[in-house]
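Below, each chain spelled out in residue letters.
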Amino acid sequence: MGCNMPSSVIKRLNEICNPDIFHIIKKSNDGILTLECHEADRSAILKKVEITGFSEISTFKLDKLKFSDTLLKNGHKGRKACDAIIFCMVDNDPYILIFDMKSSSPTTDDHIYQLRSGLLGSRYILELLKEFEGVFSQINWNYRYFIFHCRNNKRETLPEFQIEIKKNTQPDKPHIFETNNSEQIHVRKLLGKPLIKALS
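Presented here is an overview of the structure given in this document. Just so we're clear, the structure is a prediction, and the values are computed from it rather than from any experiment. (Residues numbered from 1 in each chain as written. Predicted model: local features only at pLDDT ≥ 70, side-chain atom pairs only at ≥ 80, totals over all residues. Heavy atoms only, no water.)

1. Digging into the overall build of the protein
Scanning the protein from terminus to terminus reveals four helices and nine strands. Moving toward the C terminus, one meets the helices and strands of the protein in the order α-β-β-β-β-α-β-β-α-β-β-β-α. Every one of the 200 residues in the protein was classed for burial, and the buried ones make up 44%. In the protein, of all internal contacts separated by at least 6 residues, the share reaching a separation of at least 24 is 69%. By element, 49% of the accessible surface of the protein is carried by carbon and sulfur atoms, the whole surface being about 11200 Å². (Helix = DSSP H or I, 4+ residues; strand = E, 2+ residues; numbered from the N terminus. Buried < 20%, exposed > 50% of the residue type's maximum accessible area, 1.4 Å probe, protein only. Contact = heavy atoms within 4.5 Å. Areas by Shrake-Rupley, 256 points an atom, 1.4 Å probe, with all protein chains shown as cover.)

Printed below as a string of structure tokens:
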């Protein structure tokens with residue numbers, strides 16, 4: 001079957017994928033969806049990232065997919081995995097958000113491999129839909145990359161990292177976002193959109 005609607009892609013992913021690889025999604029009384037991403041490492045300072053404001057979402061734990069763990073040797077950079085791949089809709093626009101959580105602002109480029117793995121993971125998921133579900137998508141997904149780190153850390157970001165929203169469209173140019181464990185982040189803020197949607 002053909003499929004050119006991002007809503008149909010997101011719905012189908014939620015129908016066919018193993019729920020063990022999904023992040024926690026909570027739904028409010030008014031239908032707003034909120035993502036909770038928890039860090040498995042107990043020693044981590046940043047233990048949870050919470051993003052709200054979604055109308056439709058399908059989100060994956062890349063480390064649970066284990067795309068390259070059985071293919072590549074230990075230590076290979078291709079085995080690195082990011083914390084989340086998110087297929088979502090914001091203002092009827094289709095987005096794929098890829099992010100990783102850090103206890104401090106990154107001072108090396110090691111995390112770039114994690115975000116690149118997220119990009120490859122998203123492509124695999126879309127190809128899987130095409131080959132096994134007959135979902136041929138011509139959707140132009142808008143990719144955005146983020147590194148979340150704790151606000152109480154004083155390290156500077158590397159010069160090449162993006163600090164402006166909307167320009168983080170490549171895995172080597174993520175937006176470095178300061179947060180903390182108790183903060184709820186609105187997805188519109190991440191995307192540089194007004195928090196209150198303009199009435200059409």
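There is more to say, and it comes next.
2. Some details on the sheet that holds strand β1 (residues 24-27)
Sheet strands pair via backbone hydrogen bonds, and the direction of the pair is either parallel or antiparallel. One open sheet holds the four strands; their spatial order is β1-β2-β3-β9, and the pairing between them is mixed. The open sheet has two edge strands with one neighbour each: β1 and β9 (184-186). For this sheet, the mean inter-axis angle between neighbouring strands, taken without regard to orientation, is 25°. (Pairing = 2+ DSSP bridges. Axes fitted to C-alpha atoms, helices over the stretch in contact; angles between N-to-C directions.)

3. A word on the sheet that holds strand β5 (residues 84-90)
In spatial order, the strands read β4-β5-β6-β7-β8; together these five strands make up an open sheet with mixed pairing. Pairing within the sheet leaves two strands with one partner each, and these edge strands are β4 (56-60) and β8 (175-179). Sheet twist, expressed as the average angle between the axes of neighbouring strands with direction ignored, equals 25°. Examined bridge by bridge, β4 and β5 share five bridges and lie antiparallel to one another. Bridge assignment links Glu56 to a residue of β5, and that residue is Met89. Running at roughly 45° to β4, helix α1 (residues 6-16) makes contact with β4, β5 and β6 (93-102) of the sheet. Those strands touched by helix α3 (residues 110-133) are β4, β5, β6 and β7 (142-150), and its axis lies near 145° from that of β6.

4. Quick notes on the packing of aromatic side chains
Taken as a whole and judged by the stated rule, the model has seven aromatic pairs. Ring geometry for Phe60 and Phe87: centres 6.1 Å apart, planes at 85°, overall edge-to-face. You can see Phe60 sitting in strand β4 and its partner Phe87 sitting in strand β5, a full 27 residues away along the chain. Note on accessibility: Phe60 and Phe87 belong to one class, buried. Between Phe148 and Phe177 the ring centres are 5.7 Å apart and the planes differ by 70°, which places this aromatic pair in the edge-to-face class. Separated by 29 residues along the polypeptide, Phe148 in strand β7 and Phe177 in strand β8 bring together distant segments of the chain. Each member of the pair Phe148 and Phe177 is classed as buried. (Phe/Tyr/Trp six-rings, centres within 6.5 Å; stacked < 30°, edge-to-face > 60°.)

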